[in-house]
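Descriptive structure summary
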Amino acid sequence: MHTTSVNLYIPFANRCLALPATCHARVLPTPVSAPRLIAFNAPLAAELGISAADASPADLAGVFSGNTVPEGAASVALAYAGHQFGGFSPQLGDGRAILMGDVVDLHGQARDLQWKGTGRTPFSRSGDGRAALGPVLREYLLSEAMHALGVPTTRALAAVTTGEQVLRDSPLPGGIVTRVAGSHLRIGTFQYFAARRDFTTLQVLVKEAIERHYPALAQADNRALALLEAVADRQSALVAKWLGLGFIHGVMNTDNMTLSGETIDYGPCAFMEAFAPDTVFSAIDNQGRYAYAEQPRILQWNLARLAEALLPLMAEDPEQAIAPAMAILETVPARVSHYWLAGFRAKLGLTTAEEGDAELVNGLLQAMHAVEADFTLTFRQLAAVADGQTPELAGLHPGLAPWIAEWQARLAREQEPGLEPNARTPQRRAAAMLATNPLFIPRNHRVEEAIRAAEDEDDFAPFLRLLEVVTNPWDYVTHRLPYAASALPAERVTRTFCGT
Ligand code: AMP
Ligand code: MG
């Protein structure tokens with residue numbers, strides 16, 4: 001194996017190798033002809049304890065293409081199953097990804113490093129194990145934007161071009177992204193072993209999930225049940241964050257939902273512009289299964305699949321576990337609503353809770369839907385109104401006027417807890433709203449523009465510019481303002497693809 005000591009040191013801990021052999025298959029990346037570095041996330045590398053100060057772009061391109069396997073790498077493909085669009089596939093697994101290994105980061109947290117696009121593995125089925133450049137850039141942009149927006153997510157450590165083409169509908173330039181995750185434990189990982197009735201491995205994976213993500217549960221009486229509840233809560237918080245940003249994951253299959261509660265798998269995902277609850281971007285989601293407003297319901301459905309996989313560990317007689325597991329699943333809508341409402345209260349500058357707040361938020365969303373208001377910009381414009389501007393000057397559609405009157409009446413009843421009545425001045429409220437509601441999101445036409453320039457003209461400048469913008473989503477910088485605008489009708493991109 002072509003390990004070498006380039007000027008890059010990754011302090012692998014590789015707890016993945018302590019998992020049962022059933023969990024993975026050893027496999028090396030397939031070298032590519034001419035790797036070239038597109039981006040390297042130096043701050044993230046530092047957080048992971050990686051020493052890269054002396055690494056040249058060629059060193060980095062070597063390691064992050066898989067041409068150079070770094071010293072101490074585990075290099076394994078992980079097994080998992082999953083429900084895709086409702087249908088169960090008992091074997092999926094890392095078909096185009098290889099786990100380089102895991103490290104302990106500067107905060108003491110285990111983190112996985114994974115190449116994506118490094119060639120065939122024992123889980124590739126009929127696929128080529130490769131990734132096209134476009135989806136690599138999309139994942140890099142979207143995952144780093146989500147992190148900057150405060151959403152739990154996998155990260156992007158590096159992206160390279162391979163110098164080779166991959167064959168999709170047409171030949172496309174190839175790319176490889178290195179993804180960093182709290183772990184790659186997916187609901188589908190648990191389904192894989194439950195389907196094989198391998199309860200020994202399942203038990204080990206429950207322990208692994210708890211150690212990595214929920215250490216407080218180590219002493220729980222019923223660890224499988226406690227894990228289900230903890231995951232239900234974290235994923236509810238996650239989906240609520242997506243809703244609060246207009247984010248549509250697009251492929252919420254059970255293999256694309258993590259136990260850590262991190263967003264994973266940036267395939268056909270996108271942020272909506274004009275608010276419409278039934279928005280779907282994914283070209284393969286014909287039924288709208290994963291539409292914006294369906295995400296909480298699908299979350300509950302996915303968690304039911306996790307519950308099924310864990311039932312055999314919850315009680316000697318799994319029948320006995322059904323009622324407590326169901327009781328947890330039934331709390332999911334209330335958990336999502338709770339986080340959703342907290343998020344939208346903050347977006348609207350509210351610091352107190354009133355009975356009618358959910359109706360107030362829904363009233364805004366309905367009005368936005370009716371006038372096709374841009375989801376992201378509307379909340380920035382409302383901040384200007386909170387600061388005393390007229391709605392028209394703030395750029396709001398006149399159709400929102402009745403709702404704004406309601407909101408202003410609600411604001412008049414606001415008192416910051418513990419402070420003098422009305423201590424939250426309009427200016428402070430507006431500032432809080434501007435700090436909550438981002439100005440820049442990775443708008444689909446901008447992502448597409450960056451991909452087009454890279455794929456068609458080998459020009460990565462638009463990608464790098466967009467990356468800078470979306471990783472600073474609150475920085476009001478005038479020269480970046482064009483990136484805040486929604487797409488003109490001719491620029492709109494309404495279809496996205498998985499990139500498989
Ligand atoms: P995804 O659409 O990324 O959730 O992938 C679903 C499954 O298909 C996973 O098991 C992937 O590893 C596999 N897969 C996707 N694309 C490829 C490819 N080009 N080669 C091999 N396997 C792939
Ligand atoms: Mg996936």
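Structure first, text after, so check above.
What counts, and where the lines are drawn
- Residues numbered from 1 in each chain as written.
- Chains lettered and ligands numbered in written order.
- Predicted model: local features only at pLDDT ≥ 70, side-chain atom pairs only at ≥ 80, totals over all residues.
- Heavy atoms only, no water.
- Donors = N, O, S within 2.8 Å, 3.2 Å for Na, K, Ca; no water.
- Buried < 20%, exposed > 50% of the residue type's maximum accessible area, 1.4 Å probe, protein only.
- Axes fitted to C-alpha atoms, helices over the stretch in contact; angles between N-to-C directions.
- Helix = DSSP H or I, 4+ residues; strand = E, 2+ residues; numbered from the N terminus.
- Parallel < 35°, antiparallel > 145°, perpendicular 65-115°, else oblique.
- Left-handed = near helix turned anticlockwise from the far one by under 90°.
- Contact = heavy atoms within 4.5 Å.
- Nonpolar A, V, L, I, M, F, W, Y, C, P; charged D, E, K, R; others polar.
- Polar contact = N/O pair within 3.5 Å; in protein donor to acceptor, adjacent residues only side chain to side chain.
- Near = heavy atom within 4 Å.
- Expected span 1.5 Å × (residues − 1).
- Arc of directions from axis to C-beta.
- Phe/Tyr/Trp six-rings, centres within 6.5 Å; stacked < 30°, edge-to-face > 60°.

1. Considering the coordination of the magnesium ion (ligand 2)
- Those protein atoms acting as donors to the magnesium ion (ligand 2) are Asn 256 (OD1) and Asp 265 (OD), and they sit at 1.9 to 2.2 Å.
- On the accessibility criterion, Asn 256 (4% relative accessible area) is buried.
- The exposure class of Asp 265 is buried, given its relative accessible area of 15%.

2. Concerning the packing of helix α3 (residues 133–148) against helix α16 (residues 461–470)
- In the contact formed by α3 and α16, the axes pass within 9 Å of each other and the chain directions differ by 15°. Between α3 and α16, the interaxial angle falls into the category roughly parallel. Crossing handedness for the pair α3 and α16: right-handed. Residues Leu 137, Tyr 140, Leu 141, Glu 144, Ala 145 and Ala 148 of α3 form the contact with α16, whose participating residues are Phe 463, Leu 466, Leu 467 and Val 470.
- Tallied by class, the residues present in the contact of α3 with α16 amount to nine nonpolar, no polar and one charged.

3. Considering the side chain of Thr 258
- Position of Thr 258 relative to the elements: it lies in the loop between β13 (247–248) and β14 (270–271).
- A polar contact of 2.7 Å, which involves the side chain of Thr 258, links it to the backbone oxygen of Glu 262.
- Among all residues touching Thr 258, those that are not within four sequence positions of it are Leu 185, Arg 186, Val 231, Gln 235 and Ile 264.

4. A few points about the site of ligand 1
- The immediate surroundings of ligand 1 are formed by 18 residues, with Gly 93, Gly 95, Arg 96, Gly 129 and Asp 265 found nearest.
- Note that an oxygen atom of ligand 1 is positioned 2.7 Å from one of the side-chain N or O atoms of Arg 96.
- Asn 256 is positioned with one of its side-chain polar atoms (N or O) 3.2 Å from an oxygen atom of ligand 1.
- The residue makeup of the shell around ligand 1, split by class, is two nonpolar, eight polar and eight charged.

5. Here's the deal with the environment of Ile 38
- Its location among the elements puts Ile 38 in strand β3 (residues 36–40).
- Using a relative accessible area of 10% as the deciding quantity, one classes Ile 38 as buried.
- The contact partners of Ile 38, leaving out residues within four places of it in the chain, are Leu 133, Leu 137, Ala 159, Val 160, Thr 161, Phe 460, Phe 463 and Leu 464.

6. Focus: helix α9 (residues 332–347)
- In this model α9 runs 22 Å from its N-terminal to its C-terminal C-alpha over 16 residues, within 8% of the 22 Å that 1.5 Å per residue would give.
- Three or more residues of α9 are buried, namely Val 332, Arg 335, Val 336, Trp 340, Leu 341, Phe 344, Arg 345 and Lys 347.
- Against the buried residues of α9 lie α6 (223–245), α7 (295–314), α8 (318–330), α10 (357–371), α11 (375–386) and α14 (426–436).
- Gly 349 lies just past α9 and shows a positive phi near 80°.

7. Brief notes about α10
- In this model α10 runs 21 Å from its N-terminal to its C-terminal C-alpha over 15 residues, within 8% of the 21 Å that 1.5 Å per residue would give.
- The set of residues buried in α10 consists of Asp 357, Leu 360, Val 361, Leu 364, Leu 365, Ala 367 and Met 368. Along the long axis of α10, the arc covered by the buried residues comes to 160°, so they all point the same way. Structural note: α10 exposes Glu 359, Gln 366 and Ala 370 on the side pointing more than 90 degrees away from its buried face.
- Those residues of α10 that are buried are in contact with α9, α11 and α13 (401–412).

8. Quick notes on the packing of aromatic side chains
- Considering all chains together, one arrives at 14 aromatic pairs under this definition.
- For the pair Phe 344 and Phe 375, a centre-to-centre distance of 6.4 Å together with 80° between the ring planes defines the contact as edge-to-face. Taken as a pair, Phe 344 in helix α9 and Phe 375 in helix α11 lie far apart in primary sequence, 31 residues in all. No difference in accessibility class separates Phe 344 from Phe 375, as the two residues are buried.
- Three or more aromatic residues joined by ring pairs make a cluster, and in this case those are Phe 275, Tyr 292, Trp 340, Phe 344, Phe 375 and Phe 379.

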